[in-house]
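# Structure at a glance
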Amino acid sequence: MPGITTHILDLMHGQPAENVKIELYFSESYAASWQLLQSAVTNADGRLDSPLLNAESTKMGNYEIVFHIGDYFRNKSVELPEPPFLDLVPVRFGLSSPSSNYHVPLLVSPWGYQVYRGS
């Protein structure tokens, strides 16, 4: 399915990360300003009910997904320092093939994260 999708796994609790706010931004180039395209919240499976961006709206350029991880862990009653080590986790990537699917999963704990291009 072409477009941009994501999901989040909470490594601390060993479960999908539910109710995480996610924002998707676009920029023609990294030097240009960033435009907010979409804001969404993950479901009980740590996924979105629909793609962040569908195939018809996808174009070549630079994208940034911002994951609101600090709020998620605070809502799970995790004791975090102030400011937290991870609060907003921005992931920037280039999209060169609008007809392809870009799945960007996030594996996260309060102290680290991993991101990759999934399938």
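This text goes with the structure placed above it.
Note that this is a predicted model, so its numbers are computed, not measured. (Residues numbered from 1 in each chain as written. Predicted model: local features only at pLDDT ≥ 70, side-chain atom pairs only at ≥ 80, totals over all residues. Heavy atoms only, no water.)

Secondary structure assignment for the protein yields one helix and 11 strands. N-terminal to C-terminal, the α/β element order of the protein is β-β-β-β-β-β-β-α-β-β-β-β. The globule rule puts the C-alpha radius of gyration for 119 residues at 14 Å, and the 14 Å found for the protein is close to it. In terms of its C-alpha atoms, the protein occupies a principal-axis envelope of roughly 40 × 30 × 20 Å. The 119 residues of the protein split such that 44% are buried. Long-range contacts, defined here as pairs at least 24 residues apart, represent 63% of the contacts in the protein between residues at least 6 apart. Accessible surface for the protein amounts to roughly 6400 Å². Of this, 50% is attributable to carbon and sulfur atoms. (Helix = DSSP H or I, 4+ residues; strand = E, 2+ residues; numbered from the N terminus. Rg over C-alpha atoms; globule rule 2.2 N^0.38 Å. Buried < 20%, exposed > 50% of the residue type's maximum accessible area, 1.4 Å probe, protein only. Contact = heavy atoms within 4.5 Å. Areas by Shrake-Rupley, 256 points an atom, 1.4 Å probe, with all protein chains shown as cover.)

According to the stated counting rule, one finds six salt bridges in the structure shown. Salt-bridge contacts for Asp 71 lead to Arg 74; the nearest nitrogen and oxygen are separated by 2.9 Å. With Asp 71 and Arg 74 both in helix α1 (residues 69-75) and three residues apart, this pair spans about one turn of that helix. Across the pair Arg 74 and Asp 87 runs a salt bridge, and its minimum N-O distance is 3.7 Å. (Salt bridge = Lys/Arg side-chain N within 4 Å of Asp/Glu carboxyl O.)

All right, on to the nonpolar core then. Considering soluble globular proteins, one finds that nonpolar side chains tend to be buried as a cluster. Core analysis: the largest hydrophobic core is formed by 28 residues, its most contacted members being Ile 4, Ile 8, Ile 22, Tyr 63, Ile 65, Phe 67 and Ile 69. Of all the elements in the fold, those that place two or more residues in this core are β4 (21-27), β7 (61-68), α1, β8 (88-95) and β10 (106-109). With four residues, the top contributor of residues to this core is β8. Apart from residues no more than four positions distant in its own chain, Ile 22 is found in contact with Thr 6, Ile 8, Gln 38, Ser 39, Ala 40, Thr 42, Leu 48, Leu 52, Ile 65, Val 66 and Phe 67. (Core = buried A, V, L, I, M, F, W, Y, C linked by side-chain atoms within 4.5 Å.)

Let's shift gears to the environment of Ser 97. Its place among the elements puts Ser 97 in the loop between β8 and β9 (101-103). Assessed through its relative accessible area of 24%, Ser 97 is described here as partly exposed. Separated by 18 residues in the primary sequence, Ser 97 and Glu 79 have C-alpha atoms spaced 41 Å apart.

Keep in mind that these numbers describe shape and distance, not what the molecule does.
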